[in-house]
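Chains, contacts and geometry: an overview
As a plain string of letters, each chain reads:
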Amino acid sequence: MVLKFLRGVGRSTGAAPAPDGVDRAAGRRAFIQSVGLGVAGSAIVGPAAFSPAAAQTVTDTDILNFALNLEYLEAEFYLRAVTGRGLTDGEVTGTGTPGAVTGGRQVNFATAAIRNYATEIASEERIHVQFLRSALGANRVARPAINLTASFTAAAQAAGLITAGQTFDAFADETSFLLAAYIFEDVGVSAYLGAAPLVTSKTILAAAGGILAAEAYHAGTIRTVLYSRGLYTPALKISDARDSLDGASDLDQGIGTATIANLSLTSPANGQAFARTTGQVLNIVYLNPSARPGGFFPAGLNGTIR
């Protein structure tokens, strides 16, 4: 029963295709082969590695700035969806190369509850940006260039949500918004968890743990709403697409099936959330398995971990 369930939510086993007839391995290979078509500068050369030696030289400042880059992305996405405006000029300054945000506009939410969920998440993502910037002080990085148009189209095409030549507008309606949020929402949780062992300051670790918990609430909300709307298949395709980018491991999971919900992305062995290395996270946000700038960050992240 457990093995059958795992296949149903998108954890490949190397055996026969899943019950819904989708060949997970073939789908992931297709994603790797095609995702670079819509992302400038993507080179498909294999999964990025995170060197243990490199990990020893990473500072708490480096880790917080890595998190700040990701928070910039989430804040800009949700704020634009809810208000039509992103972060203010005073919230995006810092070291490194500053960049503009391409795309994003206010979503015409048809469901009041979903609009309220998005509003809460947007507010908390902005607070995360403000908190990290305050903690980093003069060491904070500037917001890098962020793309909220071509990136979503490339990911959606490669995941099979749309066909070649079509575009995916993450802000067209609330369903598109939810699927777009799902593309990277779970990644934030795994990123914070993966970075936790590298943090040396207990104070910073506690703060990062608090943000991780908030991100987990956000991810759970998006997964739950998608499940309530019966969007099992597109969510599974997105999950498989993410999994194709983070190396040989098979970490990701869909939201379940019509009969079994899978609302928290955890290991069936211990019920704990999955962690991703910085290299795996970069592969996903850059939309290529070589950790080269592209996707949501066309010019790369700012900071040491990029």
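Residues numbered from 1 in each chain as written. Predicted model: local features only at pLDDT ≥ 70, side-chain atom pairs only at ≥ 80, totals over all residues. Heavy atoms only, no water.

Looking at the pattern of salt bridges
Spelled out, the test is: A carboxyl oxygen of Asp or Glu within 4 Å of a side-chain nitrogen of Lys or Arg is what we treat as a salt bridge. In this text, helices come from DSSP runs of H or I with a minimum length of four residues, and strands from runs of E with a minimum of two, each type numbered from the N-terminal end. Between buried and exposed lies partly exposed: a residue is buried under 20% and exposed over 50% of the maximum accessible area for its type, with that area taken using a 1.4 Å probe on protein chains only.
Following the criterion strictly, the structure yields 6 salt bridges and no others. One salt bridge connects Glu91 with Arg126, and the closest N-O pair in it is separated by 3.0 Å. One end of the pair, Glu91, is in the loop between helix H4 (60-83) and strand E1 (101-102); the other, Arg126, is in helix H5 (residues 112-136), with 35 residues separating them in the sequence. The partner of Asp169 in a salt bridge is Arg105, with the nearest N and O atoms 2.7 Å apart. Placement of Asp169 in the loop between helix H6 (150-159) and helix H7 (174-195) and of Arg105 in the loop between E1 and H5 is noted, with a sequence separation of 64 residues between them. According to the relative accessible area criterion, Asp169 is partly exposed, its value standing at 29%.

Brief notes about the packing of aromatic side chains
For any pair of aromatic rings, geometry is given as the distance between the ring centres together with the angle between the planes. Heads up, the condition is: Aromatic contacts are taken between Phe, Tyr and Trp rings whose centres are within 6.5 Å, Trp giving its six-membered ring; a plane angle under 30 degrees counts as stacked, one over 60 as edge-to-face, and the others as tilted.
In this structure the tally under the stated criterion is 11 aromatic pairs. A ring pair is formed by Phe152 and Phe184, whose centres lie 6.2 Å apart and whose planes are at 35 degrees; its orientation type is tilted. Remark: Phe184 occurs in helix H7 and Phe152 occurs in helix H6; sequence separation between them is 32 residues. Look at Phe152 and you get buried, because its relative accessible area is 0%. Arranged with centres 5.0 Å apart and planes meeting at 75 degrees, the rings of Phe152 and Phe296 form a pair that is edge-to-face. Here the residue Phe152 occupies a position in helix H6, and Phe296 occupies one in the segment after helix H10 (278-286), the gap between them amounting to 144 residues. A single burial state applies to Phe152 and to Phe296, both of which are buried. Put simply, the rings of Phe77, Tyr78, Phe109, Phe152, Phe171, Phe177, Phe184 and Phe296 pair up and form one aromatic cluster.

What about the side chain of Arg276?
Definition in use: We define a polar contact as two N or O atoms separated by no more than 3.5 Å, with the added condition that, inside protein, one atom must be a possible hydrogen donor and the other a possible acceptor, whereas residues neighbouring each other in sequence contribute only through side-chain atom pairs.
Topologically, Arg276 is positioned in the loop between helix H9 (232-245) and H10. Owing to a relative accessible area of 3%, Arg276 belongs among the buried residues under this scheme. Only 2.9 Å separates the side chain of Arg276 from the side chain of Ser190, close enough to count as a polar contact.

Overview of unusual backbone geometry
Its identity as a non-glycine residue notwithstanding, Leu287 has a phi of 60 degrees, on the positive side. By the secondary structure assignment, Leu287 is in the segment after H10.

Describing the packing of H7 against H9
For clarity, the cut-off: The axes are straight lines fitted to the C-alpha atoms, using for helices just the contacting stretch, and the angles between their N-to-C directions are given from 0 to 180°. Reported orientations rely on four angle classes, namely roughly parallel under 35 degrees, roughly antiparallel over 145, roughly perpendicular from 65 to 115, and oblique for the rest. Should the near helix be turned anticlockwise from the far one by less than a right angle, the crossing is left-handed, and should it be turned clockwise, the crossing is right-handed. Pairs of residues are marked as contacts when any of their non-hydrogen atoms sit within 4.5 Å. In the scheme used here, Gly and all other residues not listed as nonpolar or charged are polar, with Ala, Val, Leu, Ile, Met, Phe, Trp, Tyr, Cys and Pro taken as nonpolar and Asp, Glu, Lys and Arg as charged.
At a closest axis distance of 10 Å, the pairing of H7 and H9 adopts a crossing angle of 40 degrees. In terms of orientation, H7 lies oblique with respect to H9. As H7 packs across H9, the resulting crossing turns out to be right-handed. From H7, Leu179, Tyr182, Ile183, Asp186 and Val187 reach across to H9, where they touch Pro234, Ala235, Ile238, Ser239 and Arg242. Considering only residue class, the contact of H7 with H9 consists of 7 nonpolar, 1 polar and 2 charged.

Remarks on the side chain of Ser290
Summarising the element assignment, Ser290 is placed in the segment after H10. On the accessibility criterion, Ser290 (14% relative accessible area) is buried. Here Asn288 takes part through its side chain, which lies 2.6 Å from a polar atom of the side chain of Ser290.

Re H6
Counted residue by residue, H6 has 8 buried out of 10 residues, so it is predominantly covered. Residues of H6 that are buried include every one of Ser151, Phe152, Thr153, Ala154, Ala155, Ala156, Ala158 and Ala159, and no others. With its phi angle positive at about 90 degrees, Gly160 sits one or two positions after the end of H6.

Some thoughts on the confidence of the model for the protein chain
Operational definition: One confidence number per residue, pLDDT, is output by the predictor and ranges from 0 to 100.
On average, residues of the protein chain score 82 in pLDDT, and 80% of them are at 70 or above. Under a pLDDT of 50 for its full length, residues 1-55 has, in the predicted model, 94 contacts with residues more than four places off or in other chains.

Thoughts on the environment of Leu263
Structurally, Leu263 can be placed in the loop between H9 and H10. Separated by 43 residues in sequence, Leu263 and Gly220 have C-alpha atoms that sit 6.1 Å apart. For Leu263, the residues in contact, after removing those within four places along its chain, are Gly220, Arg223, Thr224, Tyr227 and Ile255.

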